[in-house]
Amino acid sequence: MSIISAPRGTRDILPSESWKWSYIINQAALTMKDFGFSEIHLPIFEHTELFSRGVGETTDIVEKEMYTFNDRGGRSITLRPEATAGVMRAAIENNLCAQGSSARLWNWGPMFRHERPQKGRYRQFYQIDAECLGIANASADVDIISLSIELFRRLGLRNLEVVINSVGCEKCRPVYRKKLIEYFTAHKDSLCETCLARLDRNPLRILDCKNESCGRVADNAPDIYDSLCDECREHFAQVRLGLERLNFAYKINKRLVRGLDYYTKTAYEILSGDLGSQNAVAGGGRYDNLASAISSSKIPGVGFACGLDRVMLVMEEQGCSFGESPRVSVYAVAMDEASRGNIQTLAYELRKNNISCEYDLTGTKSFKAQMKASGSCRFACIIGSEERENNLVAIKDLNNSTQESIALSEAVNYLKTRL
Ligand code: ATP
Ligand code: MG
């Protein structure tokens, strides 16, 4: 029979790596707590409409990257390609921002996009996501940006660059849009086919195109800062002031966009110098019109999503610490057949007391083989006929090979002081 492999663009995160992921998630949880964010668990699939309306019909995600299917009840379902729309849906549905109150929510988990798999780009990938809902003030933008920077600082990432921009709002963007259409129409010949198709539907996205020729044209495109309304201009100034107050270095890139009507004002990305072409480790921004795109509510919001797979790659590349690698504390060893039952009892006793322990589950390993297997543990707890008769256990320190005989009833206390 042919071997069934994991689908293209997915991969298994094996024990040799999974403990490092746990470390990152734990650091994220601690950082979120320090910034006053609470965890929210969301469905992995939603109604397709949430994303077509909440991410946008003219985005790459909705146009060509979604995993969409009809379920057995004939409803169109999509595996979530990102988290923001789901968080907003949950906040609206559960009244988390009722009467002008705010909610700071974070979550992490798998996202799904049908993309061409390559280093740092997968079809099932993982994001850590934080959203601050209900606050229109620029302090919320600064809070979100500083949260992501602080997370990366704690993880020890170096060589990062924070890039920010403002994409305006529904008042000033139409003017800018018009200027862009005029400008790009005049440079039609230098645009790629995708951008030609975007010209009328979503000219802002041409600014973001990775194609070299489009890039050259985009570099000289009209500047959004000349079009921003007073409110957006002031908001952008406040964001910059906040970042400067916190001593964060950042760059302004007028070509950084979230090319949709409900993304407003701040857009930002954190780039790594150690990732090659998939260089964004996090992206985010403000979306004051998202709530009204998916409901009749009006809730401003700002958030970011960090690509966990890429953070892992950078951390490995830069030799960052993942804390202590997991090590089982005790290997329980039976010197003879008759002691195997005692070992099972001892192991459970230790485990009940939060001392991690393993032993030979096959029940066939010789004393020598068990001692060899104990090598990766901190202590070996050995029971043979003499220990059985006198209610003792021999505890061997595997760091220095010294051994002591302890009353069985004292084993937990003894190990607790030694670990
Ligand atoms: P890119 O330009 O690299 O496609 P994006 O703009 O589509 O990124 P966002 O939607 O802003 O990405 O998602 C936030 C973060 O999630 C990205 O900065 C990246 O770290 C990560 N990410 C996005 N798509 C993938 C993917 N297919 N595989 C792995 N990580 C991803
Ligand atoms: Mg993408």
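Residues numbered from 1 in each chain as written. Chains lettered and ligands numbered in written order. Predicted model: local features only at pLDDT ≥ 70, side-chain atom pairs only at ≥ 80, totals over all residues. Heavy atoms only, no water.

1. Some words on the overall build of the protein
Across its full length, the protein holds 15 helices and 16 strands. The C-alpha radius of gyration of the protein comes to 28 Å, more than 25% above the 22 Å expected for a compact globule of 419 residues. Projecting the C-alpha coordinates of the protein onto the three principal axes gives extents of approximately 90 × 55 × 40 Å. A total of 419 residues make up the protein; the buried ones form 50% of that total. Pairs at least 24 apart in sequence give 70% of the contacts found in the protein among residues at least 6 apart. Of the roughly 20900 Å² that the protein leaves accessible, carbon and sulfur atoms contribute 49%. (Helix = DSSP H or I, 4+ residues; strand = E, 2+ residues; numbered from the N terminus. Rg over C-alpha atoms; globule rule 2.2 N^0.38 Å. Buried < 20%, exposed > 50% of the residue type's maximum accessible area, 1.4 Å probe, protein only. Contact = heavy atoms within 4.5 Å. Areas by Shrake-Rupley, 256 points an atom, 1.4 Å probe, with all protein chains shown as cover.)

2. Things to note about the domain arrangement of the protein
Split into domains, the protein comes out as domain 1 (15-172 + 228-317) and domain 2 (330-418). For domain 1 and domain 2, the distance between their C-alpha centroids amounts to 49 Å. (Domains from an automatic or database assignment.)

3. Quick look at the site of ligand 1
With respect to spatial proximity, 15 residues lie near ligand 1, and among them Arg-113, Glu-115, Arg-121, Tyr-122 and Ala-280 are the closest. In the environment of ligand 1, a nitrogen atom lies 2.6 Å from a nitrogen or oxygen atom belonging to the side chain of Glu-115. In the complex, the protein chains occlude 84% of the 580 Å² of accessible area that ligand 1 would expose alone. If you list the elements that add at least two residues to the shell around ligand 1, you get β6 (124-133), β10 (280-286) and β11 (301-307). Of the residues assigned to the shell around ligand 1, the class counts are six nonpolar, four polar and five charged. (Near = heavy atom within 4 Å. Polar contact = N/O pair within 3.5 Å; in protein donor to acceptor, adjacent residues only side chain to side chain. Nonpolar A, V, L, I, M, F, W, Y, C, P; charged D, E, K, R; others polar.)

4. Structural notes on the packing of aromatic side chains
Scanning the entire structure with this criterion turns up six aromatic pairs. For the pair Trp-21 and Tyr-126, a centre-to-centre distance of 5.3 Å together with 80 degrees between the ring planes defines the contact as edge-to-face. Taken together, the residues span a long stretch of sequence, with Trp-21 in helix α1 (residues 15-34) and Tyr-126 in strand β6 at a distance of 105 residues. A single burial state applies to Trp-21 and to Tyr-126, both of which are buried. Taking 5.8 Å as the distance between ring centres and 50 degrees as the angle between the ring planes, the aromatic pair formed by Tyr-262 and Tyr-263 counts as tilted. A single burial state applies to Tyr-262 and to Tyr-263, both of which are buried. Linked through ring pairs, Trp-19, Tyr-23 and Phe-322 together constitute an aromatic cluster. Sitting above the plane of the Phe-236 ring, Arg-240 keeps its charged end 5.7 Å from the centroid. Over the aromatic face of Phe-379 sits the side chain of Arg-378, whose NZ or CZ is 4.6 Å from the ring centroid. (Phe/Tyr/Trp six-rings, centres within 6.5 Å; stacked < 30°, edge-to-face > 60°. Lys NZ or Arg CZ within 6 Å of the ring centre and 35° of its normal.)

5. What to know about helix α7 (residues 193-201)
Turning to α7, its buried residues number three or more, namely Cys-195, Arg-198 and Leu-199. Each buried residue of α7 sits inside an arc of 125 degrees when the element is viewed along its axis, so together they form one side. Along α7, exposed side chains directed more than 90 degrees from the buried face belong to Glu-193, Ala-197 and Asp-200. Contacts from the buried residues of α7 go to α3 (60-65), α6 (173-186) and α8 (212-219). (Arc of directions from axis to C-beta.)

6. Quick notes on the sheet that holds strand β14 (residues 379-383)
Within the open sheet, the five strands sit side by side as β13-β12-β14-β15-β16. Their pairing is mixed. With one partner strand each, in any of the chains shown, β13 (357-359) and β16 (403-407) form the two edges of the open sheet. Direction aside, the axes of adjacent strands within the sheet are offset by 30 degrees on average. Relative to β13, strand β12 (residues 330-334) runs parallel, the two sharing three bridges. The residue of β13 that forms the bridge with Val-330 is Cys-357. Against the sheet, helix α12 (residues 340-352) touches β12, β13, β14 and β15 (392-397), its axis set at about 165 degrees to β13. (Pairing = 2+ DSSP bridges. Axes fitted to C-alpha atoms, helices over the stretch in contact; angles between N-to-C directions.)

7. Topic: the nonpolar core
Core analysis: the biggest nonpolar cluster contains 74 residues, and Ile-24, Ile-128 and Phe-184 have the highest contact counts within it. For this core, the element with the most residues is helix α5 (residues 138-155), which contributes ten residues. When near neighbours in sequence (up to four residues on either side) are disregarded, Ile-128 contacts Ile-24, Ile-25, Ala-28, Met-32, Trp-106, Asn-107, Trp-108, Leu-151, Phe-304, Ala-305, Cys-306 and Leu-308. Of all hydrophobic cores here, the second largest spans 26 residues; its members include Ala-91, Leu-105, Ile-294 and Ile-299. (Core = buried A, V, L, I, M, F, W, Y, C linked by side-chain atoms within 4.5 Å.)

8. Observations concerning the packing of α5 against helix α9 (residues 230-245)
Close contact between α5 and α9 brings their axes to 9 Å; oriented N to C, the two are set at 40 degrees. If you check the angle between α5 and α9, you find them oblique. For the element pair α5 and α9, the recorded crossing hand is right-handed. On α9, the residues that touch Ala-138, Asp-141, Val-142 and Ile-145 of α5 are His-235, Gln-238, Val-239, Gly-242 and Leu-243. (Parallel < 35°, antiparallel > 145°, perpendicular 65-115°, else oblique. Left-handed = near helix turned anticlockwise from the far one by under 90°.)

9. Re the sheet that holds strand β7 (residues 160-166)
Across the sheet, eight strands lie side by side as β1-β5-β6-β11-β10-β9-β7-β8; this open sheet has mixed pairing. Edge positions in the open sheet fall to β1 (38-39) and β8 (251-252), since each of these has one partner strand only. Across the sheet, helix α11 (residues 308-317) touches β5 (103-112), β6, β9 (264-272), β10 and β11, and the angle it forms with β11 is around 50 degrees.

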